[in-house]
Structure formats: C-alpha cells, structure tokens
Amino acid sequence: MMAEREEDDEEEAWLRLRPVEPLPSQCCGSGCSPCVFDLYQRDLARWEAARASKDRSLLRGKVSQSCPSELSPETFMAFRISAVDKLSKDTYLVRFALPGNSQLGLRPGQHLILRGIVGGLEIQRAYTPISPTSAEGYFEVLIKCYQTGLMSQYVKSWRVGDTAFWRGPFGSFFYKPNQYGELVMLAAGTGLAPMVPILQSITDNAEDETFVTLIGCFKTFEGIYLKAFLREQALFWNVRIFFVLSQENSPEQLPWSYQDKTRFGRLGQDLVDELVGSCRRKPFALVCGSAEFTQDMARCLLSTGLAEDAYFLF
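What comes next is a walk through the structure. (Residues numbered from 1 in each chain as written. Predicted model: local features only at pLDDT ≥ 70, side-chain atom pairs only at ≥ 80, totals over all residues. Heavy atoms only, no water.)

**With respect to the nonpolar core**
Ranked by size, the top nonpolar core spans 35 residues in total, and within it Phe173, Leu183, Met185, Leu192, Ile198 and Leu286 carry the most contacts. The biggest single contributor to this core is helix α4 (residues 195–203), with five residues. In contact with Met185, other than residues within four places in its own chain, are Met195, Ile198, Leu199, Val212, Thr213, Leu214, Ile215 and Leu286. Judged by nonpolar contacts, the second largest core, of 25 residues, contains Leu104, Leu106, Val155 and Ala164. (Core = buried A, V, L, I, M, F, W, Y, C linked by side-chain atoms within 4.5 Å. Buried < 20%, exposed > 50% of the residue type's maximum accessible area, 1.4 Å probe, protein only. Helix = DSSP H or I, 4+ residues; strand = E, 2+ residues; numbered from the N terminus. Contact = heavy atoms within 4.5 Å.)

This is the structure:
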C-alpha cells in the first residue's frame with residue numbers, strides 16, 4: 001500500500017513538471033524559428049525522455065556556454081526602458097538600455113519577439129529595432145499601438161525604468177554590401193522599421209555603392225515617421241525617397257521640399273511600374289506593411305516583370 005502511494009506521488013510529481021502547451025496568443029505569427037511551439041515540443045520531448053528514464057537531471061538539457069546576458073532566440077532577456085518618445089497619437093519610439101557599450105548583435109532588418117502579459121494572458125509580437133546595428137549601449141524600437149490591441153495595452157503602460165522581455169534575433173533576409181544593384185523599399189506605416197537599419201548600413205559604409213529607392217506610405221504628412229532621419233538619408237548620392245499619402249490630396253499644403261516627391265492616394269501598379277522602371281540598376285525589392293499591403297505589392301512587383309526571387313516580403 002505504501003509503495004503504491006509512493007508511485008502515485010511520483011507520477012503526480014512528474015505530471016507537475018510536464019511542459020504547458022502555449023496558447024495561440026503566445027505565438028507572434030511571424031514564422032520565427034524557433035517558434036514558441038517549437039520550444040514547447042523540444043521541452044516536451046525532453047520531459048518524456050526524463051520521465052522514461054526517471055532522471056530529472058535530463059530536464060535541464062545541455063548547459064549553455066554562452067554569456068547569460070547574451071541575446072537568445074530561445075530565452076527571453078530583460079532590458080530596461082531608458083526613454084519613451086511619443087511620435088504620434090498611437091506610435092512610440094522606445095529606447096532600451098544595453099550593458100555598458102555592448103551591441104545588440106542583430107543584422108540589418110532582423111527582428112525580435114516581445115513578451116507581454118495583460119490580464120494574466122501572455123502575448124508575443126514581433127518588432128524590428130530601427131537603431132543602427134552598430135549602436136552601442138542601446139537599441140530602439142518603433143511601435144504602433146491599436147485601440148483594441150492587447151500588446152498595445154502593455155506598451156502604453158511602459159514608463160522609463162520599467163523592464164521588458166525580448167528574445168531573438170529572427171529573420172531570413174540578410175543584407176550584404178553591394179549584393180544588389182538597387183534596393184526598392186516599399187514600406188507602409190511602421191513597415192518602415194526594417195528598412196531603416198538596412199538603409200543606414202548602406203549609407204554608413206563608404207564601400208557600399210548600392211542604390212536605394214524608398215517609398216514610404218502614410219495616411220498624412222504629419223503621420224510620416226522619422227522625417228529628420230529620412231531627410232538626411234535623401235542627401236546621399238545613391239538614395240531616392242518618395243512618399244504616398246492616402247488621406248491628403250493637395251501638394252500646395254506640403255512643405256516645398258516634399259511637393260515633388262509626394263504622391264496622393266494609394267501605392268498601386270502605375271507608380272510601382274514607374275519606380276521600378278526608373279531604377280538605375282537591376283532592382284531587388286523589399287516589402288513591409290500590413291498583410292493586405294504586402295500581398296498587393298507582391299502582385300504589383302510580379303506585374304512589372306520582377307521574378308519571385310527578386311523581392312523579399314518581411
């Protein structure tokens with residue numbers, strides 16, 4: 001009788017150690033590898049092996065030899081918020097501190113996964129740092145908040161000194177200097193984020209002679225993000241920047257310097273044809289925005305004659 005009770009207690013102890021399957025809200029939906037569900041399957045297999053051999057030490061897996069403060073795709077790391085700048089009524093530029101003069105270690109265009117907890121529910125979303133990959137002691141993220149978004153509620157609660165948890169890096173686009181003749185960047189709203197570090201890596205490198213044509217799509221002129229940065233980048237000999245505003249229609253109301261580089265309405269086939277056709281070298285396109293925007297741009301690019309391997313969808 002005593003032996004049976006001990007076996008029951010042992011079985012209950014093992015069941016308490018069984019990994020908990022993630023909720024759908026814990027997946028950011030960005031195709032990251034490893035996904036939170038990949039990590040669950042790994043931990044479940046480890047638990048099953050440990051249980052079969054009755055060896056709980058196997059639950060720990062291999063001990064990592066890397067520095068525990070190192071960014072990891074599998075483990076969330078804590079970063080302190082050092083600044084929160086409200087760019088518009090619903091968009092924030094948030095700076096996170098890194099130890100000393102350390103660098104985040106991302107390649108241009110790669111993204112991170114943010115974990116938040118709202119009302120006891122864990123959620124995860126993908127965001128791309130816009131700070132230069134060479135930035136020391138900090139990284140910055142552009143985040144748009146939505147009225148009904150759970151992660152938005154979490155982000156709006158942030159204050160300087162708070163801690164947020166990130167893991168990464170993720171992303172399958174790896175930019176190499178002079179890899180393409182000309183990059184055509186099609187970005188809608190905060191889809192500008194992955195374009196920023198790629199663009200800056202080009203203009204910061206005197207040996208990189210890649211041409212860049214960037215088209216930023218926004219609702220209004222006031223809603224254009226990072227105007228000062230984009231103005232500076234447009235001064236480089238190999239960079240062209242244009243804007244498409246969907247809720248304005250009068251060039252006379254814009255500053256003079258923007259009038260000849262701004263179109264109105266929505267970015268469509270005619271303008272994509274014009275921009276790709278005016279490329280100075282063989283183009284490769286990058287697209288980032290809403291799912292609808294991304295699908296529309298992919299269709300437009302194919303219609304210009306670009307092959308499917310001549311563009312990348314973030």
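**As for the packing of helix α7 (residues 269–277) against helix α8 (residues 291–303)**
Here α7 crosses α8 at 55°, and the two axes come no closer than 9 Å. The angle between the axes of α7 and α8 places the two elements in the oblique class. α8 is crossed by α7, and the crossing has right-handed handedness. Residue-level inspection shows Gln269, Val272 and Val276 of α7 in contact with α8, the latter providing Met297, Arg299, Cys300, Leu301 and Ser303. In the contact of α7 with α8, the residues fall into five nonpolar, two polar and one charged. (Axes fitted to C-alpha atoms, helices over the stretch in contact; angles between N-to-C directions. Parallel < 35°, antiparallel > 145°, perpendicular 65-115°, else oblique. Left-handed = near helix turned anticlockwise from the far one by under 90°. Nonpolar A, V, L, I, M, F, W, Y, C, P; charged D, E, K, R; others polar.)

**Focus: helix α5 (residues 227–234)**
For α5, the set of buried residues is Lys227, Phe229, Leu230 and Gln233. Considered in projection along α5, the buried side chains sweep an arc of 160° and stay on one side of the axis. Where α5 is buried, its residues touch α4, β9 (239–245) and α6 (256–259). (Arc of directions from axis to C-beta.)

**Remarks on the packing of aromatic side chains**
Tallied over the entire structure, the rule returns 17 aromatic pairs. Judged by centre distance (4.8 Å) and plane angle (80°), the ring pair of Phe221 and Tyr258 falls under edge-to-face. Residue Phe221 is located in the loop between β8 (211–218) and α5, and its partner Tyr258 is located in helix α6; the two are separated by 37 residues in the primary sequence. Judged on exposure class, the residue Phe221 and its partner Tyr258 are both buried. Among the aromatic residues, those joined into a cluster by ring pairs are Phe79, Phe96, Tyr127, Phe139, Tyr154, Trp158 and Trp166. Its end group placed over the ring of Phe221, Lys227 keeps NZ or CZ at 4.8 Å from the ring centre. (Phe/Tyr/Trp six-rings, centres within 6.5 Å; stacked < 30°, edge-to-face > 60°. Lys NZ or Arg CZ within 6 Å of the ring centre and 35° of its normal.)

The values reported here are purely geometric and, on their own, carry no functional implication.
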